[in-house]
Amino acid sequence: MSIPDNELSDEQSRQVAETIREEIARRRMSRQALAEQAKLSLSTLEKALGGRRPFTLATIVRLEQALGMSLRKPVGAPAVPPAASGGVAPDSLGSYSRRAVEWIEGTYVTVRPSFGDREAIYAYRTDIAWDDAASSLVFREGARLDAAFTQFGEVAVPNQSGFVYLVTNRHGQHRLITVSRPTITGEMYGIITTLLAGRGSLLTPIAAPIALLPLRNVDEPSFGRLGGDDRHYQFYREHLRKTVEEPFAMFVHGVA
């Protein structure tokens, strides 16, 4: 029986399903979260992962964009072994071992001021996990109101500064989050430096305080652009104040 051009073979679908299951387990990510990021129904994803329907090219493209990785491999291609690094990150990321940074791995509620409303708070999810292929920690955002701007990248943990850097580098365009190492209760506080999208193609550099709160510390977290009527607003706001008042980060006002 012929296979439609837009569908993977049974063997290719099996390989893709296995890769996705391993990836979401490694990232401690739910299937629901992946379906939302890929803009798929949970039913579609579950059927494909369970072998009850083949993956289509359109589905694969969405999943690759959501995971930030390639899922398509030729049938029979050997698995690519992890880099022979002994489980140590590259020097450019701080030469840390996985064992030394295991306590940073996890899912965080990330909060910062809203760039569009000075009284609002913007909240989303950040997953940090070890990537064997990259031999380093990587991060990926989720539950963002502006899903098109979801970021993912590498995590640097140098010994010298004692800070953690979440680095996005897309074709030379950078976004950087610099946060303290986790407190005794797991929070990380610091600064986000990125670009503010304005009208048309206008982009403006912008910086703001940011806090990463372990998901386990937030009861039924709120995500999106939050105003004072949200039940987590004051809780999130206090953590942003702590970023500046402790201070974990400083903002210097120069002479205009």
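Not measured: the values here are computed from a predicted model.

1. Some points on empty space enclosed by the protein
Then, number 1: Applying the stated criterion across every chain, the model contains one cavity of 30 Å³ or more.
Then, number 2: Here the largest cavity is characterised by a volume of approximately 40 Å³.
Then, number 3: Surrounding the largest cavity, Arg27, Asp127, Ala129, Val138, Phe139 and Arg140 form its lining.
Then, number 4: Here the residues of the lining of the largest cavity sort into three nonpolar, no polar and three charged.

2. Observations concerning the nonpolar core
Then, number 1: If you look at the biggest cluster of nonpolar residues, it comprises 24 residues, and the most contacted ones within it are Tyr96, Ile104, Ile128, Leu137 and Val155.
Then, number 2: Secondary-structure elements contributing two or more residues to this core are β2 (121-131), β3 (136-142), β4 (152-156), β5 (163-170), β6 (173-180), β7 (188-197) and β8 (203-214).
Then, number 3: Ranked by residue count, the leading element in this core is β2, at four residues.
Then, number 4: Discounting residues that sit within four places of it in the chain, Leu137 has contacts with Tyr96, Val101, Ile104, Glu105, Ile128, Ala129, Trp130, Glu154, Val155 and Val157.
Then, number 5: By size, the runner-up hydrophobic cluster in this structure holds 20 residues, among which are Leu8, Val16, Ala17 and Leu71.

3. A short note on the confidence of the model for the protein chain
Then, number 1: Averaged over every residue, the pLDDT of the protein chain is 86; the share at 70 or more is 91%.
Then, number 2: For residues 1-5, every residue scores under 50 in pLDDT, and the model assigns this stretch three contacts once sequence neighbours within four places are set aside.

4. Re the pairing of strand β1 (residues 106-113)
Then, number 1: For β1, the buried fraction is high: seven of the eight residues fall into the buried class.
Then, number 2: Examined bridge by bridge, β1 and β2 share eight bridges and lie antiparallel to one another. Of the residues in β2, the one forming a bridge with Val111 is Ala123.
Then, number 3: Bridge count between β1 and β8: four bridges; the pairing is antiparallel.

Here is what the cut-offs are and how they apply
- Residues numbered from 1 in each chain as written.
- Predicted model: local features only at pLDDT ≥ 70, side-chain atom pairs only at ≥ 80, totals over all residues.
- Heavy atoms only, no water.
- 1 Å grid on protein atoms, 1.4 Å probe; cavity = no way out; pocket = protein on both sides within 12 Å on 5 of 7 lines; lining within 4 Å.
- Points joined across faces, edges and corners; volume = space filled by probe spheres on them.
- Nonpolar A, V, L, I, M, F, W, Y, C, P; charged D, E, K, R; others polar.
- Core = buried A, V, L, I, M, F, W, Y, C linked by side-chain atoms within 4.5 Å.
- Buried < 20%, exposed > 50% of the residue type's maximum accessible area, 1.4 Å probe, protein only.
- Helix = DSSP H or I, 4+ residues; strand = E, 2+ residues; numbered from the N terminus.
- Contact = heavy atoms within 4.5 Å.
- pLDDT = per-residue confidence, 0-100.
- Pairing = 2+ DSSP bridges.

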